[in-house]
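One-letter residues, chain by chain:
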Amino acid sequence: MKADAPRTRLFLVDDHQLFRSGLRAELEDEFEIVGEAADVDQAVAGIAALHPDVVLLDVHLPGGGGATVADAIARRGEGETRFLAISVSDAPEDVIGVIRAGARGYVTKSISPTDLADAIRRVRSGDAVFSPRLAGFVLDAFRGELPTSIDPEMDQLTPREREVLRHIARGFTYKEIGVRLNLSAKTVETHVSSVLRKLQLSSRYELTRWAMDRRMI
Amino acid sequence: MLTGTLGGLAEALGLDPLLVRLSFAVLTAAGGTGIVLYLVLWALSAEPDASAPALPVGQRPRNRQIAAVACIVAGSMLFLRGAGIWFGDAVAWPVALAAAGSALIWARTDAADRQRWARISERLPGNPVVMVFGSRVSPLRIAGGALLIAAGMAIFLVANQALASARTALLAVLVTAAGLGIILGPWILRLTRDAGEERRQRIRSEERAEIAAHLHDSVLHTLALIQRSEDPADVAALARRQERELRAWLDHRPTPSAQQDLRGAVDALASRVEQLHHVTVDTVVVGDAPVSEHVEALLLACQEAAINAARHSGAPRVSIYVEADTDSISAYVRDEGRGFDPDAVPADRRGIAHSVIGRMRRHGGSATITSQPGKGTEVHLELPRSAS
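We now turn to the structure provided with this report. Owing to the predicted nature of the structure, the values given are computational and were not obtained by experimental measurement.

Details of the overall build of chain A
Within chain A, the regular secondary structure consists of eleven helices and six strands. Here chain A, with 217 residues, has 43% of them falling under the buried criterion. Within chain A, contacts between residues at least 6 apart in sequence are counted, and of these 65% link residues at least 24 apart.

Things to note about the sheet that holds strand β5 (residues 377–384) of chain B
Sheet architecture is open: five strands sit in the order β1-β2-β3-β5-β4 (chain B), paired in mixed fashion. Each edge of the open sheet is held by one strand with a lone partner, namely β1 (280–286) and β4 (366–371) of chain B. Going across the sheet, the axis of each strand differs from the next one's by a mean of 10°, ignoring polarity. Here helix α8 (residues 159–170) of chain A sits on the sheet and contacts β1, β2 (317–324) and β3 (328–335) of chain B; the angle it forms with β2 of chain B, its principal contact strand, is near 140°.

Here we look at the interface of chain A and chain B
Every contact between the two is made by twelve residues of chain A and, on the other side, 13 residues of chain B. Going through the elements one at a time, α6 (132–141) and α8 of chain A are the ones with two or more residues in the side of chain A that touches chain B. In terms of residues, the side of chain A that touches chain B owes the most to one element, α6 of chain A, which gives five residues. Here the residues of the side of chain A that touches chain B are counted per class, giving four nonpolar, two polar and six charged.

Considerations on the sheet that holds strand β6 (residues 129–130) of chain A
Residues and elements named next belong to chain A. The strand order β2-β1-β3-β4-β5-β6 describes an open sheet built from six strands, whose pairing is parallel. Two strands in the sheet have a free side with no partner beyond their single neighbour: β2 (32–37) and β6. In this structure, strand β3 (residues 54–58) lies alongside strand β4 (residues 82–87), joined through five bridges in parallel fashion. Bridge pairing links Val54 to Arg82 in β4.

Describing the environment of Val286 of chain B
Residues and elements named next belong to chain B. Relative to the elements of secondary structure, Val286 occurs in strand β1. For Val286, a count of 24 C-beta atoms within 10 Å puts it in the buried group. Along the chain, Val286 and Ile329 lie 43 residues apart, while their C-alpha atoms are 9.9 Å from each other.

Describing unusual backbone geometry
Residues and elements named next belong to chain A. Phi is positive for His51, close to 45°, though the residue is something other than glycine. Note on placement: His51 falls in the loop between α2 (40–50) and β3. Positive phi is not limited to glycine here, since Asn182 has a value of about 60°. For Asn182, the position within the fold is in the loop between α9 (174–181) and α10 (185–201). Classification of Asn182 by C-beta neighbours within 10 Å gives exposed; the count is 7.

Concerning the nonpolar core
Counting residues in hydrophobic clusters, the biggest one holds 99 residues, and the most contacted among them are Leu57, Leu84 and Ala85 of chain A together with Cys302, Ala306 and Ile320 of chain B. Looking at this core element by element, the count peaks at eleven residues for helix α13 (residues 293–313) of chain B. With residues up to four places along the chain from it excluded, the contact list for Leu84 of chain A reads Val54, Leu56, Leu57, Ala103, Arg104, Gly105, Val107, Ala119, Ile120, Val123 and Val129 of chain A. Residues Leu22, Ala99, Ala103 and Leu104 of chain B belong to the second largest nonpolar core, which totals 29 residues.

As for α10 of chain A
All names here are of chain A. Its 17 residues place the ends of α10 24 Å apart at the C-alpha level, agreeing with the 24 Å of an ideal helix rising 1.5 Å per residue. All of the buried residues in α10 are Val188, His191, Val192, Val195, Leu196, Lys198 and Leu199. Mapping the buried residues of α10 onto a view down its axis gives an arc of 160°, with all of them on the same face. Away from its buried face, by an angle of more than 90 degrees, α10 presents the exposed residues Lys186, Arg197 and Leu201.

Digging into the packing of α6 of chain A against α8 of chain A
Residues and elements named next belong to chain A. Packing of α6 against α8 brings their axes to within 7 Å, and their N-to-C directions diverge by 140°. The orientation of α6 relative to α8 falls into the category oblique. For the pair α6 and α8, the sense of crossing is left-handed. Where α6 approaches α8, its residues Pro132, Ala135, Gly136, Val138 and Leu139 are matched on the opposing element by Arg162, Leu165, Arg166, Ile168 and Ala169. A breakdown of the residues in the contact of α6 with α8 according to their chemical character gives seven nonpolar, one polar and two charged.

With respect to the pairing of β2 of chain B
Residue and element names in this part refer to chain B. Where burial is concerned, most of β2 is hidden: seven out of the eight residues are buried. Both β1 and β2 contribute to a ladder of seven bridges, which runs parallel. The residue of β2 that forms the bridge with Val285 is Val322. Assessed by its sense of winding, the connection that carries the chain from β1 through α13 to β2 is left-handed. Pairing between β2 and β3: seven bridges, direction antiparallel. Bridging across to β3, Tyr321 finds its partner in Tyr332.

Looking at helix α3 (residues 66–76) of chain A
All names here are of chain A. Of all the positions in α3, only Gly66, Ala67, Val69, Ala70 and Ile73 are classed as buried. Buried residues of α3, seen end-on, are gathered within an arc of 160° and therefore sit on one face of the element. Looking at α3, the residues exposed on the side facing more than 90 degrees away from the buried face are Arg75 and Arg76. Against β1 (9–13), α2, β3, β4 and α4 (92–100) lie the buried residues of α3. Residue Gly77 follows α3 closely and has a positive phi angle near 60°.

Observations concerning the pairing of β5 of chain B
Residue and element names in this part refer to chain B. Relative to β5, β3 runs antiparallel, the two sharing eight bridges. Its bridge partner being in β5, Ile329 is matched across the sheet by Leu383. Strand direction decides the pairing type here: β4 and β5, joined by six bridges, are antiparallel. Of the residues in β5, the one forming a bridge with Thr370 is Glu378. Adjacent in sequence and paired antiparallel, β4 and β5 are bridged by five residues, among which Gly374 carries a positive phi angle near 85°.

Calculation criteria
- Residues numbered from 1 in each chain as written.
- Chains lettered and ligands numbered in written order.
- Predicted model: local features only at pLDDT ≥ 70, side-chain atom pairs only at ≥ 80, totals over all residues.
- Helix = DSSP H or I, 4+ residues; strand = E, 2+ residues; numbered from the N terminus.
- Buried ≥ 20, exposed ≤ 12 C-beta atoms within 10 Å, placed from the backbone.
- Contact = placed C-beta atoms within 7 Å.
- Pairing = 2+ DSSP bridges.
- Axes fitted to C-alpha atoms, helices over the stretch in contact; angles between N-to-C directions.
- Nonpolar A, V, L, I, M, F, W, Y, C, P; charged D, E, K, R; others polar.
- Core = buried A, V, L, I, M, F, W, Y, C linked by C-beta atoms within 7 Å.
- Expected span 1.5 Å × (residues − 1).
- Arc of directions from axis to C-beta.
- Parallel < 35°, antiparallel > 145°, perpendicular 65-115°, else oblique.
- Left-handed = near helix turned anticlockwise from the far one by under 90°.
- Right-handed = clockwise from strand over helix to strand, strands pointing away.

Dropping the structure here:
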């Protein structure tokens, strides 16, 4: 961290006090933690008042879940607050839900502090953060050809995007992927961001159904 | 009751549904007008808008409300009678009387009343009047209502004496049964509802018991082990295994040991490796496939590769990625450990060669090992779907 750069202002949303204090301890050296919240209402009020740069958003929250928070803030349409979803759940419909509500990435709570700090920095700079598991979800949800599609560009992954996601799912970092696929790190970023956009905007019917099915099994 | 039309009308008017229904029943006795009105309303009514807040229905129909509706109905009846739309005094007036009586008795229960009914089973041996009607319905109202119903029945019987005498007995039975139905019908209906409620409660408590049993066998057991364990790596492995199990259970997946789908099988093998060697195994599975003999072989090779990574790489974390595509199943086992030079592996250390590469070949697949000293290792397994 450069001393002259303004510190990223971080807001923590999680209903477990213990987990929040754990995050605080891990992250406060590098980030300025401006506030925290334990439920949807507190979170919406706090974020609206404090305009943090990044919100670390628990997927499961009393009062509607992380997706509700991201939705409510997006509807206010002010500020540049970005969301990074974090969860122990891994329930596909929750993860897809919070991403579609506007979160820029998803990491599991078992992530190492270094990786988490890295993910926060990445989200702060506008990039997308895909954990291996999220990459797996997306590959799963976008599997197969569509017989008919309203917007083929939105509803399909390109072979390159698929390749990048596969590497993320296998556990490679963006940098390693760049080396392996002979791409610049920036290009890898671009692919990932484009996948995020598809994930958020695709009307692909399978996306919802897939999440539901995965839950039903 | 049939289409919800009357209930909807009652809601729209803020009236008690029972009153509205009775009014229509009475008007039906007057030349079938009630049925015609009902059909017209049904045709005109819109689907209820769920988002629109319902007007609160009066907690108890106020006497004034009852009187007003009664006046409207009576007036309509007189008008219809004058206009000649009429089944005859012998039918219409008794029905009207009986309706008034049942309105008096069965004036709608509010929420508190329903709770009282939910407790009815505790009361069964008690006073039958209290039991059936609840203590808050005054005896006077019950008596008055019963009187009106009885009067309606009597008039009906007397007025129909002119009918063939053979039918009189049958008619008497029918009318008595109808009277009993009016008096006891709602009670029976409510008892049935209570039974349903009781069943739901029982199912709920059974579910709770099952959850408790599961938590006891799994989570509590693991917590006990964790408390006794000294080694942090042990604790982490225990926690990981428990987490995996709990998650599978929450997702309604069968336990890994009885698992036949790819996802569950991969989770199970990851869990085994975590237990045997103190590493974290991350799994990502895309797509699904039945676990055939060949897929089983791929999974065993996968497990062997993961165990190798756990033993020799020195990395705390092993990633397994399995993708079932339409024409092949591929698996990647990767670590970021110390790596090695695959060409420099002495011939006597055949673990990998035999159990991974050999096994894959025997089942029509292939295995590639990519490693470099200091840069981790990745084992790539590939199995054509035609072989599986």
